Amino acid sequence: MSASSRQAQAAMGDSRGAVAVSSPGVDRPRVERAVREFLLAVGEDPDRPGLVETPARVARAAAEMYGGLHEDPLAVLDKTFDLGHEELVIVKDIPFYSTCEHHLVPFHGVAHVGYIPSPDGFVTGLSKLARLVDTFARRPQVQERLTTQVVDALVTSLRPLGAIVVVECEHLCMSMRGVRKPGSKTITSAVRGELRLPAARAEALSLILGR
Ligand SMILES: Nc1nc2c(ncn2[C@@H]2O[C@H](COP(=O)(O)OP(=O)(O)OP(=O)(O)O)[C@@H](O)[C@H]2O)c(=O)[nH]1
Ligand SMILES: [Zn+2]
């Protein structure tokens with residue numbers, strides 16, 4: 001990344017997802033060293049054959065799982081089309097995986113993203129809504145922040161009349177450890193603009209949650 005694009009990223013506020021500006025990307029050698037140390041700390045032998053490549057594997061996985069820290073979410077929505085469509089658009093059941101920032105274990109589920117385009121009629125490509133979810137998911141996260149970051153990026157970028165994001169997840173930190181309640185689901189929503197009006201919100205929610 002060039003110095004000027006780093007400066008441009010540094011100017012971004014929280015609605016852009018607090019892009020990590022000081023780092024050019026996930027520092028794989030550092031992750032490798034940390035994973036080796038972690039294995040020693042839990043009582044493993046990082047030099048046994050099964051584990052010898054594990055620090056490098058985890059570093060590659062981390063570059064993927066935390067790569068969203070180094071992406072500009074608004075760049076995902078840069079390309080728009082003028083379709084003259086001023087009605088609700090929803091992409092539902094977008095599957096994603098994220099990482100709970102409290103325990104660094106996965107939480108996963110689906111996101112539903114909808115918006116009413118501005119009177120200019122500018123809409124984004126449908127796949128970009130899914131890419132936006134991934135950009136925010138591939139970071140240490142909490143579900144509430146993921147939800148609001150997606151909706152706020154939509155608002156900042158497309159200036160829609162309204163926007164809604166609903167996220168349904170299982171948190172493995174509640175399933176495989178701790179309280180151990182597999183199957184429990186957490187649902188969060190964030191709604192902006194005209195979709196906050198009761199009738200519009202009800203229509204959007206019935207389209208999103210109606211199975
Ligand atoms: N609000 C919110 N809480 C989360 C999320 N992911 C995990 N948590 C919760 O974060 C909390 C952390 O609680 P702490 O008491 O600090 O940590 P802990 O001792 O490991 O908690 P337990 O999970 O209850 O064992 C837990 O209640 C988790 O269920 C999330 O996305 N949103
Ligand atoms: Zn957790």
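Rules behind the numbers
Residues numbered from 1 in each chain as written. Chains lettered and ligands numbered in written order. Predicted model: local features only at pLDDT ≥ 70, side-chain atom pairs only at ≥ 80, totals over all residues. Buried ≥ 20, exposed ≤ 12 C-beta atoms within 10 Å, placed from the backbone. Helix = DSSP H or I, 4+ residues; strand = E, 2+ residues; numbered from the N terminus. Pairing = 2+ DSSP bridges. Axes fitted to C-alpha atoms, helices over the stretch in contact; angles between N-to-C directions. Parallel < 35°, antiparallel > 145°, perpendicular 65-115°, else oblique. Left-handed = near helix turned anticlockwise from the far one by under 90°. Contact = placed C-beta atoms within 7 Å. Nonpolar A, V, L, I, M, F, W, Y, C, P; charged D, E, K, R; others polar. Domains from an automatic or database assignment. UniProt positions renumbered as here; feature names shortened; annotations may be inferred. Near = placed C-beta within 6 Å.

### As for the pairing of strand S3 (residues 106-116)
The side chains of a regular strand alternate between the sheet's two faces.
Link 1 in the chain: S3 sits mainly inside the fold: eight of its eleven residues count as buried.
Link 2 in the chain: Joining the antiparallel neighbours strand S2 (residues 89-100) and S3 is a turn of five residues, in which leucine 104 adopts a positive phi near 55°.

### Digging into the packing of helix H5 (residues 126-137) against helix H6 (residues 143-158)
Link 1 in the chain: The N-to-C vectors of H5 and H6 enclose an angle of 135°; their axes lie 10 Å apart at closest approach. The orientation of H5 relative to H6 falls into the category oblique. The element H5 and its partner H6 pack so that their crossing is right-handed. Contact with H5, carried on its side by Leu132, Val133, Phe136 and Ala137, involves Leu146, Gln149, Val150 and Ala153 of H6 and no other residues of that element.
Link 2 in the chain: Across the contact of H5 with H6, the residue classes tally to seven nonpolar, one polar and no charged.

### Considering the pairing of S2
Link 1 in the chain: Judged from the nine bridges that link them, S2 and S3 form a sheet pairing that is antiparallel. Looking across to S3, one finds that threonine 99 is bridged to proline 106.
Link 2 in the chain: Judged from the two bridges that link them, S2 and strand S5 (residues 140-141) form a sheet pairing that is parallel. Counterpart to threonine 99 in the pairing with S5 is proline 140.

### Here's the deal with the domain arrangement of the protein
Link 1 in the chain: Entries for the protein in the domain assignment read domain 1 (3-70) and domain 2 (78-209).
Link 2 in the chain: Across the boundary between the two partners, domain 1 contributes eight residues, which contact eleven residues of domain 2.
Link 3 in the chain: Considered class by class, the residues forming the side of domain 1 that touches domain 2 number three nonpolar, four polar and one charged.

### Brief notes about the sheet that holds strand S7 (residues 186-193)
Link 1 in the chain: Strand order in the open sheet formed by five strands is S5-S2-S3-S6-S7, with mixed pairing between adjacent strands. Sheet topology places S5 and S7 at the edges, where each strand pairs with a single neighbour.
Link 2 in the chain: The strands touched by H5 are S2, S3 and S5; relative to S2, the strand with the most contacts, the crossing angle is about 20°.
Link 3 in the chain: Contacting S2, S3, strand S6 (162-171) and S7, helix H8 (residues 198-209) runs over the sheet at an angle of about 70° to S2.

### Thoughts on the UniProt feature "binding site: Zn(2+)" (unreviewed entry) in the protein
Link 1 in the chain: In the numbering adopted here, UniProt assigns the feature "binding site: Zn(2+)" (unreviewed entry) to Cys100, His103 and Cys173. Separation in sequence by 74 residues is not matched in space for these annotated residues, since their most distant C-alpha atoms are only 7.6 Å apart.
Link 2 in the chain: Assignment of secondary structure puts histidine 103 in the loop between S2 and S3.
Link 3 in the chain: On the neighbour-count criterion, cysteine 173 (17 C-beta atoms within 10 Å) is partly exposed.
Link 4 in the chain: Aside from chain neighbours lying at most four places away, what touches cysteine 173 is Cys100, His102, His103, Val105 and Gly178.

### A closer look at the site of ligand 1
Link 1 in the chain: In the vicinity of ligand 1, the residues found are Cys100, His102, Val142, Gln143, Glu144, His171, Cys173, Met174, Gly178 and Val179.
Link 2 in the chain: At the level of secondary structure, the elements contributing two or more residues to the shell around ligand 1 comprise H6 and helix H7 (172-175).
Link 3 in the chain: Broken down by class, the residue content of the shell around ligand 1 amounts to five nonpolar, four polar and one charged.

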